[in-house]
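# Examining the three-dimensional arrangement
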Amino acid sequence: MPSTITTRAIRVIPCSGGRAIVLAGRPLVMGVLNLTPDSFSDGGLWLEPEKAVERGLEMVSSGADLLDLGAESTRPGGGVYGGGAAHVPVEEEMRRLLPVLERLRDEVEVPISVDTRKGEVASAALASGADLVNDISALGDPELARVVVETGCPVVLMHSRGELAQMQREIGFDDLLAEVVGELGSAVERAVRAGVSRQQIFVDPGIGFGKTPRQNLLLLRNLDRLHDLGCPVLVGASRKSFIGHLTGAPADDRLGGSLAAVGWAAAHHAAVVRVHDVAATRQFLDVWEAIDRADEGRE
Ligand code: HH2
């Protein structure tokens, strides 16, 4: 594996509420907290607000550098997920999200991201203390772009094509890497034209969103290509179905495969890894980083 982290420049990305994302050394660990009944690997586990807050606190004490709160599953239809995620109305998404966000905001220091495609939800979440927006539709909702511009918060733009219900049924890349990088680049330029600061944008290849298992592997294999876009890269491969496809393991038993993807992402300069298993990921990355820095000569 190439050495990566010792040469990385420190970069501070300010959030809207006064916190900041500090990129230096190993990739930051973003802990996934799904406040949904139907997420593909942990649906229903954290629906109860008390349990969700406990889970968020546990992830932070296990070493999460960021939390990502989502109140709408976005698993695509077709492929292994049948009809895909159910549509969640704005009011329901906010009902699931805001009480947990408000409690966690008071109790943790790390930046909190809201995983939403809806401007109205993002606006309420940012007003309730969220620090950044993670949008799998890459600002498909113009209202969401407006909210990001108005608050100046960081935003994750993820690659996907078409509607969630259809994207696994309509996979059609002629040149996977050129198209994913090109489309993400267009999303970045659209966001910048709408007024988003380029310095606030993360890009994400969208592992599992409208891609075959092999295409997911190829995107990870060629992660370096995403750096051409000049934005920090976030990778969300945790427990995804390409790991099940390779190994036969069910979604709640894919830690080994998820860590392989984390190691690969770390070796290829990812800035953030989005994961369900925070403690194991931190242990993996802390040891990985110690090996990478061993030449620096501290005991
Ligand atoms: N993957 C999921 C959700 N949000 N956001 C980004 N930026 N990148 C990803 O790869 C990504 C994401 C899907 O995972 P999960 O949240 O565990 O499942 P569900 O959508 O079923 O809630």
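Look above for the structure.
Residues numbered from 1 in each chain as written. Predicted model: local features only at pLDDT ≥ 70, side-chain atom pairs only at ≥ 80, totals over all residues. Heavy atoms only, no water.

## Some words on the site of the ligand
We count it as follows: Near is defined per residue: the residue qualifies when any heavy atom it owns lies within 4 Å of the molecule or strand. Definition of a polar contact: a pair of N or O atoms within 3.5 Å, with one able to donate and the other able to accept a hydrogen when the atoms are protein atoms, and with sequence-neighbouring residues admitted only if both atoms are side-chain atoms. Residues are grouped as follows: Ala, Val, Leu, Ile, Met, Phe, Trp, Tyr, Cys and Pro are nonpolar; Asp, Glu, Lys and Arg are charged; every other residue, Gly included, is polar.
In the vicinity of the ligand there are 18 residues, among which Ser-39, Asn-134, Asp-204, Lys-240 and His-276 approach most closely. At a separation of 2.6 Å, an oxygen atom of the ligand approaches a polar side-chain atom of His-276. Residue classes in the shell around the ligand are distributed as six nonpolar, seven polar and five charged.

## Some words on empty space enclosed by the protein
By rolling a water-sized probe across the atoms, one finds the places where empty space is left. Going by this rule: Definitions used throughout: a 1 Å grid over protein atoms alone; a cavity as a set of points that fits a 1.4 Å probe which cannot get out; a pocket as an open set with protein on both sides within 12 Å along at least five of seven lines; a lining residue as one with an atom within 4 Å of a point. Grid points are joined across faces, edges and corners, and a volume is the space filled by probe spheres set on the points. Note on conventions: DSSP H or I runs of at least 4 residues are helices, E runs of at least 2 residues are strands, and numbering of each starts at the N terminus.
For the structure shown, the criterion picks out two cavities of 30 Å³ or more. A volume near 40 Å³ is recorded for the largest cavity. As for the largest cavity, its lining consists of Val-235, Ala-237, Ser-238, Ser-258, Ala-261, Val-262, Ala-265, Val-273, Arg-274 and Val-275. Of the volumes computed, that of the second largest cavity is approximately 30 Å³. Lining the second largest cavity, in full, are Ser-238, Leu-255, Ser-258, Leu-259, Val-262, Val-275, Asp-277 and Thr-281. The dominant element in the lining of the second largest cavity, judged by the number of residues it contributes, is helix H9 (residues 255-267), at four residues. Taken together, the residues of the lining of the second largest cavity break down into four nonpolar, three polar and one charged.

## Some words on the pairing of strand E4 (residues 66-70)
For clarity, the cut-off: Burial classes: relative accessible area under 20% of the type maximum marks a residue as buried, over 50% as exposed, and values in between as partly exposed (1.4 Å probe, protein chains only). Pairing between strands requires that DSSP locate at least two bridges from one strand to the other. Look down the strands so they point away from you; if the path from the first strand over the helix to the second goes clockwise, the crossover is right-handed.
Of all five residues that make up E4, five are buried, and the element is covered over most of its length. What you see with E4 is no split at all: Leu-66, Asp-68 and Gly-70 on one side and Leu-67 and Leu-69 on the other are buried throughout. Across five bridges, the pairing between strand E3 (residues 28-34) and E4 is parallel. When the sheet's bridge partners are listed, Gly-31 is paired in E4 with Leu-67. Each parallel crossover has a hand, and the one from E3 via helix H1 (residues 49-61) to E4 is right-handed. Inspection of the sheet shows E4 paired to strand E5 (residues 112-115) by four bridges, in the parallel sense. Looking at E5, one finds that Asp-68 is bridged to Ser-113.

## Examining the environment of Lys-240
Condition: Contacts: residue pairs with any heavy atoms within 4.5 Å of one another.
Assignment of secondary structure puts Lys-240 in the loop between strand E9 (234-235) and helix H8 (241-247). The class of Lys-240 is buried, set by a relative accessible area of 12%. Distance in space between the C-alpha atoms of Lys-240 and Ser-258 is 7.9 Å, their sequence separation being 18 residues. Once residues within four sequence positions are removed from consideration, Lys-240 is found in contact with Phe-40, Ile-207, Gly-208, Phe-209 and Arg-254. A polar contact is formed between the side chain of Lys-240 and the backbone oxygen of Gly-236, at a distance of 2.8 Å.

## Some details on the packing of H9 against helix H10 (residues 278-292)
Here is the rule: In this analysis, axes come from line fits to C-alpha atoms, helices being fitted only over the stretch in contact, and the angle between any two N-to-C directions falls in the range 0 to 180 degrees. Throughout, the term roughly parallel applies to angles under 35 degrees, roughly antiparallel to angles over 145, roughly perpendicular to angles from 65 to 115, and oblique to all others. Should the near helix be turned counterclockwise from the far one by less than a right angle, the crossing is left-handed, whereas a clockwise turn marks it as right-handed.
Between H9 and H10, the least distance of the axes is 10 Å, while the angle of their chain directions is 40°. Classed by the angle they form, the pair H9 and H10 counts as oblique. The two elements H9 and H10 cross, and the hand of that crossing is right-handed. Touching Leu-255, Leu-259, Val-262, Gly-263, Ala-266 and Ala-267 of H9 are Ala-280, Thr-281, Phe-284, Leu-285 and Trp-288, all from H10. Its residues placed into classes, the contact of H9 with H10 shows nine nonpolar, two polar and no charged.

## So, the pattern of salt bridges
Short version of the rule: Salt bridges are defined as contacts in which a side-chain nitrogen from Lys or Arg sits within 4 Å of a carboxyl oxygen from Asp or Glu.
Tallying each qualifying case throughout the model produces 24 salt bridges. Here Asp-38 makes a salt bridge to Arg-75, at a shortest N to O gap of 3.4 Å. Of this pair, Asp-38 sits in the loop between E3 and H1 while Arg-75 sits in the loop between E4 and helix H2 (90-107), and the two are 37 residues apart along the sequence. For the residue pair Asp-38 and Arg-75, the accessibility class agrees, reading buried in each case.

## Quick notes on the state of the cysteines
What counts is decided by this rule: Two cysteine sulfurs form a disulfide in these notes if their separation is within 2.5 Å.
Tallied over the full model, the rule gives zero disulfides. Cys-153 carries a free sulfur, and the closest cysteine sulfur to it, the one in Cys-15, is 8.1 Å from it. Looking at Cys-153, the relative accessible area reads 1%, which means it is buried. No disulfide involves Cys-231; its nearest neighbouring cysteine sulfur is the one of Cys-153, lying 14 Å away. Judged by relative accessible area, Cys-231 falls into the buried class, the value being 4%.

## A look at the packing of helix H3 (residues 119-127) against helix H4 (residues 142-151)
In contact at an axis separation of 7 Å, H3 and H4 are set at 25° when each is read in the N-to-C sense. The angle between the axes of H3 and H4 places the two elements in the roughly parallel class. As for the relative orientation of H3 and H4, their crossing is right-handed in sense. In this structure, H3 uses Gly-119, Glu-120, Ala-122, Ser-123 and Leu-126 to contact H4, whose residues at the interface are Glu-143, Leu-144, Val-147 and Thr-151.

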